[in-house]
Structures are given as C-alpha cells and as structure tokens.
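Observations on the three-dimensional arrangement
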Amino acid sequence: VAELGGDGMAARRAWERAAQLAPDDAEPHRLLAHLHFEAGEDGPAERALQTVVTLDPEDAATLHNLGAVLLRVGRPTEAANALRRSLALRPTSME
C-alpha cells in the first residue's frame, strides 16, 4: 500500500518486516527483490531473489529476474544458468 502511495521507503520497511515475520514465505522476499531491483540495488536484489529461489525453486519468473540481475552485475555464466532453469520451467515464455 505504501508503495502505491509513493512512499517507497515505507513500502520497503513494511516488506522487510513481513520477511522477518514470515521468513519462509516467498512473497515478501519477491517484493523486496522488485523494490531493490528498481532502485538499482543489485546486491540486495540478488540476495532477495536467491531467497525466493530457495523457497520456491519452481518460480520461473524469479529465476528470470535473477538472471537479469546477474547479467547486470557482470556474472554471465551464473546468469545463463538461472535463465536456462527459468526457460526449462516455462519453455513457451517470451520474457
């Protein structure tokens, strides 16, 4: 809700708190990854995405996003692995 109102920091704090309260729930980590990625914070985005992949290894979209972050930070081999895994889970995806 805070993100929709334009208060990105409040949204981040809310999702960080949600991730602390429910560490085994992929959704807060997924949303934190999005906030970090949009802010150009590649390290925190990668960590949040890795957490989501651990919690939900069949999430093709998260693997795709992880590949994008890894490409952005200059790790093409790891990016290719994440993107291949994403494609294997969703072979008809056009992302």
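Structure first, text after, so check above.
Residues numbered from 1 in each chain as written. Predicted model: local features only at pLDDT ≥ 70, side-chain atom pairs only at ≥ 80, totals over all residues. Heavy atoms only, no water.

Considering the arrangement of structural elements, one finds N65 in helix α4 (residues 60-72). When its relative accessible area of 37% is taken as the criterion, N65 is described as partly exposed. Separated by 21 residues in sequence, N65 and S86 have C-alpha atoms that sit 9.2 Å apart. (Helix = DSSP H or I, 4+ residues; strand = E, 2+ residues; numbered from the N terminus. Buried < 20%, exposed > 50% of the residue type's maximum accessible area, 1.4 Å probe, protein only.)

For the rest of this paragraph, the subject is the packing of aromatic side chains. Applying the stated criterion to the full structure yields zero aromatic pairs. Positioned above the aromatic ring of F37 is the side chain of R72, whose terminal nitrogen or guanidinium carbon lies 4.0 Å from the ring centre. (Phe/Tyr/Trp six-rings, centres within 6.5 Å; stacked < 30°, edge-to-face > 60°. Lys NZ or Arg CZ within 6 Å of the ring centre and 35° of its normal.)

Taken as a whole and judged by the stated rule, the model has seven salt bridges. With a closest N to O distance of 2.8 Å, R30 and D59 form a salt bridge. Remark: D59 occurs in the loop between α3 (42-55) and α4 and R30 occurs in helix α2 (residues 26-38); sequence separation between them is 29 residues. A relative accessible area of 24% places R30 in the partly exposed class. Given a relative accessible area of 12%, D59 falls into the buried group. One connected set of salt bridges, linked through shared partners, spans E27, R30, D56 and D59. (Salt bridge = Lys/Arg side-chain N within 4 Å of Asp/Glu carboxyl O.)

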